[in-house]
Amino acid sequence: MADEAKAKGNAAFSTGRFEEAARHFTDAIALAPGNHVLYSNRSAALASLHRYSDALADAEKTVELKPDWAKGYSRLGAAHLGLGDAASAVAAYEKGLALDPSNEGLKAGLEDAKKAAAAPTPSGRSAEGSDSEPSQSTPPPPPQQQQTPPPETKAREPEPEPEPEPMDLTDEEKERKERKAAAQKEKEAGNAAYKKKDFETAIQHYTKALELDDEDISYLTNRAAVYIEMGKYDECIKDCDKAVVRGRELRADFKMIARALTRKGTALAKLAKCSKDYDVAIETYQKALTEHRNPDTLKKLNEVERAKKELEQQEYYDPKIADEEREKGNELFKEQKYPEAIKHYTEALRRNPKDPRVYSNRAACYTKLGAMPEGLKDAEKCLELDLNFTKGYTRKGAIQFFMKEYDKAMETYQAGLKLDPNNQELLDGVRRCIEQINKANRGEISQDELQERQNKAMQDPEIQNILTDPIMRQVLVDFQENPRAAQEHLKNPGVMQKIQKLVSAGIVQMK
């Protein structure tokens, strides 16, 4: 227990948390009051807090318990120097050097102490020169000299404060530190081998690091990464499980726990390509995200979920059943049972998601039910699957027409006519769009309807780009103020096309 409190104190001291370090050393002293190292360490922590009187008491106790230990006199000298007693500091450092003449810390401390002892006081005396003070019988100076202000003396330089020294370690702690350092070197060698794709050598180095230090789970997670590269997924999973258990015992950083779980999830995802069981990989990634929401882990989770969905679709894929469901939907459509028809079309798409006819038919159902956004989405998916499927253009154009987006409907119908110029349904669609556009130009629609069309058109990025184009803005001004210049503009095919777009959208009216 005392060693644990001491270790906490050392860790706090090394990061500058001196108050916390002193508390831990106090706890350790309560458990091992005869340990001179603990008093030495607490003395250093107290000196760092400028509590030199308390530091001195601990240093004296250190020397009392271990008078032949040079480090104790270093603590004693630092405390005296902090209290401004340079002479005592010099004496303490000299005693320490008598025990250990090559100790650099004692040498540096003695040098600082001697400088402090030799520094002049405000009265001009050295720190050790108190015997040179003039006696009371010294005759007073002449009157004119008494009126002359004394020359200014150079301000005394502050005495150097002792630097905190490294904490003292037992033989066991020194061995532990050396083993950790050796383990880190093995890890670095493993990392270098991994980068060279020398996986067997990397495994050897990480294994050696684990033998030297079992308090760092990064050796396990690194070895797990190598096993993934080698295709040894079961070994990877074992290492990740060990890392999670050991990490929780050590209260390791949650990011390290998340890393172990992520690598386990990756191994499980690799195995799922054969086992077809993605659920356990998904669950593992989700656990990793509860520890730390790492973007890379989230990406891997999305990939596995997508792979699972694709697998389910592949297993469910059956074109024959899809055709049967589509025919059932067609029969219900004829009976005007549109919601029921949608259910069968949806099942048909689950069985065969690549059939554009089903998307077209379901779009027709949505149109009948007034669900225009859903119908438009299906019509667009239909054309995405097959741009040469003419029915898709009639479905999409009809929906856009019902949404009063006549300019877009016109474009859709015209695109279909490029594939089938004599298609009557597409020709009728174009005719209806022209009629509606001309009605707006003749002022035969209500102001509310015109405003509705214009508002929708203004949400179209293409319309917005036309209206913010400086050239087109000038063209529109000329239409109002300079008709002759406007006619010249219309000779430009690009300008003419944009004007026609604005007219079709109801933004511009041609009378």
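Quantities reported herein were computed from a predicted structural model and do not represent experimental measurements. (Residues numbered from 1 in each chain as written. Predicted model: local features only at pLDDT ≥ 70, side-chain atom pairs only at ≥ 80, totals over all residues. Heavy atoms only, no water.)

1. Looking at the overall build of the protein chain
For step 1, the next point in the chain: Secondary structure assignment for the protein chain yields 27 helices and zero strands.
For step 2, the next point in the chain: Among the 511 residues that make up the protein chain, the fraction classed as buried is 41%.
For step 3, the next point in the chain: Contacts in the protein chain between residues at least 24 apart in sequence constitute 53% of all its contacts with a sequence separation of at least 6.
For step 4, the next point in the chain: Of the accessible surface of the protein chain, which amounts to about 29,700 Å², a share of 50% is contributed by carbon and sulfur atoms. (Helix = DSSP H or I, 4+ residues; strand = E, 2+ residues; numbered from the N terminus. Buried < 20%, exposed > 50% of the residue type's maximum accessible area, 1.4 Å probe, protein only. Contact = heavy atoms within 4.5 Å. Areas by Shrake-Rupley, 256 points an atom, 1.4 Å probe, with all protein chains shown as cover.)

2. Topic: helix α24 (residues 461–468)
Residues three or four positions apart in an α-helix share a direction because the helix packs 3.6 residues into each turn.
For step 1, the next point in the chain: Within α24 the residues assigned to the buried category are I463, I466 and L467. In an axial view of α24, the angular spread of the buried residues amounts to 95°, which keeps them on one side of the axis. Away from the buried face of α24 by more than 90 degrees, exposed residues P461, N465 and T468 are located. (Arc of directions from axis to C-beta.)

3. Things to note about the pattern of salt bridges
For step 1, the next point in the chain: Inspection of the entire model under this criterion finds 33 salt bridges.
For step 2, the next point in the chain: In this structure, the salt-bridge partner of K180 is E215, at a minimum N-O distance of 3.4 Å. Of this pair, K180 sits in helix α9 (residues 171–195) while E215 sits in the loop between α10 (199–212) and α11 (218–230), and the two are 35 residues apart along the sequence.
For step 3, the next point in the chain: On the accessibility criterion, K180 (26% relative accessible area) is partly exposed.
For step 4, the next point in the chain: Here K264 makes a salt bridge to D241, at a shortest N to O gap of 2.9 Å. Pair noted here: K264 is in helix α13 (residues 254–275) and D241 is in helix α12 (residues 233–250), with a separation of 23 residues, a long-range link.
For step 5, the next point in the chain: Residue D241 is classed as partly exposed on the basis of its relative accessible area, which comes to 32%.
For step 6, the next point in the chain: Residues joined in a network through salt bridges with shared partners are D323, R326, E327, D355 and R357. (Salt bridge = Lys/Arg side-chain N within 4 Å of Asp/Glu carboxyl O.)

4. Focus: the UniProt feature "repeat: TPR" (unreviewed entry) in the protein chain
For step 1, the next point in the chain: Per the UniProt record, the feature "repeat: TPR" (unreviewed entry) sits at residues 2–35, 70–103, 183–216, 322–355 and 390–423.
For step 2, the next point in the chain: For residues 183–216, helix accounts for 79% and strand for 0%, while the C-alpha atoms at its two ends are 9 Å apart.
For step 3, the next point in the chain: Here residues 322–355 runs as 79% helix and 0% strand, with 9 Å between its end C-alpha atoms. (UniProt positions renumbered as here; feature names shortened; annotations may be inferred.)

5. Side note on the layout of surface pockets
For step 1, the next point in the chain: Taken as a whole, the second largest pocket holds about 420 Å³ of empty space.
For step 2, the next point in the chain: Lining of the second largest pocket is provided by 20 residues; of these, A225, R259, T262, R263 and D296 occupy positions nearest its centre.
For step 3, the next point in the chain: At the level of secondary structure, the elements contributing two or more residues to the lining of the second largest pocket comprise α9, α11, α13 and α15 (295–316).
For step 4, the next point in the chain: Looking at the lining of the second largest pocket element by element, the count peaks at seven residues for α13.
For step 5, the next point in the chain: The class makeup of the residues in the lining of the second largest pocket is six nonpolar, seven polar and seven charged. (1 Å grid on protein atoms, 1.4 Å probe; cavity = no way out; pocket = protein on both sides within 12 Å on 5 of 7 lines; lining within 4 Å. Points joined across faces, edges and corners; volume = space filled by probe spheres on them. Nonpolar A, V, L, I, M, F, W, Y, C, P; charged D, E, K, R; others polar.)

6. A few points about empty space enclosed by the protein
For step 1, the next point in the chain: Taken as a whole, this structure holds two cavities of 30 Å³ or more when the rule is applied.
For step 2, the next point in the chain: By volume, the second largest cavity is sized at about 70 Å³.
For step 3, the next point in the chain: Lining the second largest cavity are K404, E405, D407, K408, R453, K456, A457, D460 and A505.
For step 4, the next point in the chain: For the lining of the second largest cavity, the secondary structure elements donating two or more residues are α21 (406–419) and α23 (447–458).
For step 5, the next point in the chain: A per-element tally of the lining of the second largest cavity places α23 first, with three residues.
For step 6, the next point in the chain: Among the residues forming the lining of the second largest cavity, the class breakdown is two nonpolar, no polar and seven charged.
For step 7, the next point in the chain: For the lining of the second largest cavity, the domains that each give at least three residues are domain 3 (317–444) and domain 4 (451–510). (Domains from an automatic or database assignment.)

7. Describing the packing of helix α16 (residues 319–334) against helix α17 (residues 338–351)
For step 1, the next point in the chain: For the pair α16 and α17, the least separation of the axes is 8 Å and the interaxial angle reads 165°. Here α16 lies roughly antiparallel to α17, going by the angle between them. Handedness of the α16/α17 crossing: left-handed. Of α17, the residues touching α16 (which contributes P319, I321, A322, E325, R326, K328, G329, N330, L332 and F333) are Y338, E340, A341, H344, Y345, E347, A348 and R351.
For step 2, the next point in the chain: Grouping the amino acids of the contact of α16 with α17 by side-chain chemistry returns nine nonpolar, three polar and six charged. (Axes fitted to C-alpha atoms, helices over the stretch in contact; angles between N-to-C directions. Parallel < 35°, antiparallel > 145°, perpendicular 65-115°, else oblique. Left-handed = near helix turned anticlockwise from the far one by under 90°.)

8. Observations concerning the nonpolar core
For step 1, the next point in the chain: Core analysis: the largest hydrophobic core is formed by 24 residues, its most contacted members being V226, C236, Y278 and V304.
For step 2, the next point in the chain: If we skip the residues at most four places from it in the chain, V304 touches A269, Y278, A281, I282 and Y285.
For step 3, the next point in the chain: Residues Y413, M472, V475 and A505 belong to the second largest nonpolar core, which totals 23 residues. (Core = buried A, V, L, I, M, F, W, Y, C linked by side-chain atoms within 4.5 Å.)

9. Topic: a negative patch on the surface
For step 1, the next point in the chain: The grouping of D3, D171, E172, E175 and E178 at the surface amounts to a negative patch.
For step 2, the next point in the chain: Per element, the largest residue contribution to the negative patch is four residues, and it comes from α9. (Patch = residues over 30% accessible without salt bridge, like charges linked within 9 Å, V, L, I, M, F, W, Y side chains within 5 Å. Lys, Arg positive; Asp, Glu negative; His and termini not counted. Charge placed at Lys NZ, Arg CZ, Asp CG, Glu CD.)

10. Digging into the environment of Y233
For step 1, the next point in the chain: Checked against the element boundaries, Y233 lands in helix α12.
For step 2, the next point in the chain: Along the backbone, Y233 and K270 are 37 residues apart, and their C-alpha atoms lie at a distance of 7.6 Å.
For step 3, the next point in the chain: Once residues within four sequence positions are removed from consideration, Y233 is found in contact with Y227, I228, A267, K270 and L271.

11. Re unusual backbone geometry
For step 1, the next point in the chain: For H50, which is not a glycine, the phi torsion comes out positive at approximately 65°.
For step 2, the next point in the chain: Along the chain, the position of H50 falls in the loop between α3 (36–48) and α4 (52–65).
For step 3, the next point in the chain: If you check the backbone angles, K197 has positive phi at about 65° while not being a glycine.
For step 4, the next point in the chain: Relative to the elements of secondary structure, K197 occurs in the loop between α9 and α10.

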